[in-house]
Amino acid sequence: MKKSKKGERTALHRKVNAILWAAFVICVVAAIALWFPFHNANPEFEAVKAKVVSAETTRVRNTKTGSTTDFYKVEVEYQNKIYNLENVHNTYSYPKGKIVTAYLSNERLFADQESVKIGTPAATAYYIFLIGSFGFLFAACIYGSKRPKSESID
């Protein structure tokens, strides 16, 4: 006995939906598991003094909504080497020539101590799985709510 195309589509639809839900569960479990090493991470860092070389703000306007977003880039010099200061929240606190406290970890300079924790591989993996879990939840809900296309009867 041969399956109809409608039955094949329904079975395929169920399989894809099950795969999306399974991916969602895997991402949630991974995010929960990674939260502990991320939250308990105590990365090694050193507070250093660095000189601000440049600070610039780039403003991007959303043409659809008219809202703007600012992106900050601050470059500092430490031990005759130029670094991009990570996790900067403004540029007015970093005038050119000012000596600022930065936090050195894994050859990267951060603007504050909390940024050092966010810059770890565990934090990156945690955020990837967290965002992935929301994406798979959204996809599974949308895909699961759609019915497979039925074939017209000739």
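We now turn to the structure provided with this report.

Rules of the game
- Residues numbered from 1 in each chain as written.
- Predicted model: local features only at pLDDT ≥ 70, side-chain atom pairs only at ≥ 80, totals over all residues.
- Heavy atoms only, no water.
- Helix = DSSP H or I, 4+ residues; strand = E, 2+ residues; numbered from the N terminus.
- Buried < 20%, exposed > 50% of the residue type's maximum accessible area, 1.4 Å probe, protein only.
- Contact = heavy atoms within 4.5 Å.
- Areas by Shrake-Rupley, 256 points an atom, 1.4 Å probe, with all protein chains shown as cover.
- Pairing = 2+ DSSP bridges.
- Axes fitted to C-alpha atoms, helices over the stretch in contact; angles between N-to-C directions.
- Expected span 1.5 Å × (residues − 1).
- Salt bridge = Lys/Arg side-chain N within 4 Å of Asp/Glu carboxyl O.

### Re the overall build of the chain
Now for step 1: Within the chain one finds three helices and five strands.
Now for step 2: Listed by position from the N terminus, the elements making up the chain come as α-β-β-β-β-β-α-α.
Now for step 3: Within the chain, the fraction of its 154 residues that count as buried is 25%.
Now for step 4: Across the chain, every contact between residues at least 6 apart in sequence was considered, and the portion connecting residues at least 24 apart equals 63%.
Now for step 5: Carbon and sulfur atoms make up 58% of the accessible area of the chain, which totals about 11300 Å².

### A look at the environment of Phe-36
Now for step 1: Checked against the element boundaries, Phe-36 lands in helix H1 (residues 5–39).
Now for step 2: Note on Phe-36: relative accessible area 46%, which makes it partly exposed.
Now for step 3: Taking the C-alpha atoms as reference, Phe-36 lies 9.2 Å from Ala-122; in sequence the two are 86 residues apart.

### Details of the sheet that holds strand S2 (residues 68–78)
Now for step 1: Taken together, five strands build an open sheet; the order of strands is S3-S2-S1-S4-S5 and the sheet is antiparallel. Lying at the two open borders of the sheet, with one neighbouring strand each, are strand S3 (81–85) and strand S5 (108–110). Across the sheet, the mean angle separating the axes of adjacent strands is 45 degrees when strand polarity is ignored.

### Observations regarding helix H3 (residues 121–145)
Helical geometry: 3.6 residues make up each α-helical turn, so side chains three or four residues apart lie on a common side.
Now for step 1: If you check H3, its first and last C-alpha atoms are 36 Å apart, about what 25 residues at 1.5 Å a residue would give, namely 36 Å.
Now for step 2: For H3, the complete set of buried residues consists of Ala-123, Tyr-126, Gly-132, Ser-133 and Ala-140.

### Details of the pattern of salt bridges
Now for step 1: For the coordinates displayed, the defined rule picks out four salt bridges.
Now for step 2: Here Lys-81 ties to Glu-107 by a salt bridge, and the two come within 3.8 Å at their closest N and O atoms. Residue Lys-81 is located in strand S3, and its partner Glu-107 is located in the loop between strand S4 (99–105) and S5; the two are separated by 26 residues in the primary sequence.
Now for step 3: A salt bridge links Arg-108 to Glu-86, with the nearest nitrogen and oxygen atoms 2.6 Å apart. Of this pair, Arg-108 sits in strand S5 while Glu-86 sits in the loop between S3 and S4, and the two are 22 residues apart along the sequence.
Now for step 4: Judged by relative accessible area, which is 32%, Arg-108 ranks as partly exposed.
Now for step 5: Exposure remark for Glu-86: the relative accessible area of 24% places this residue in the partly exposed category.

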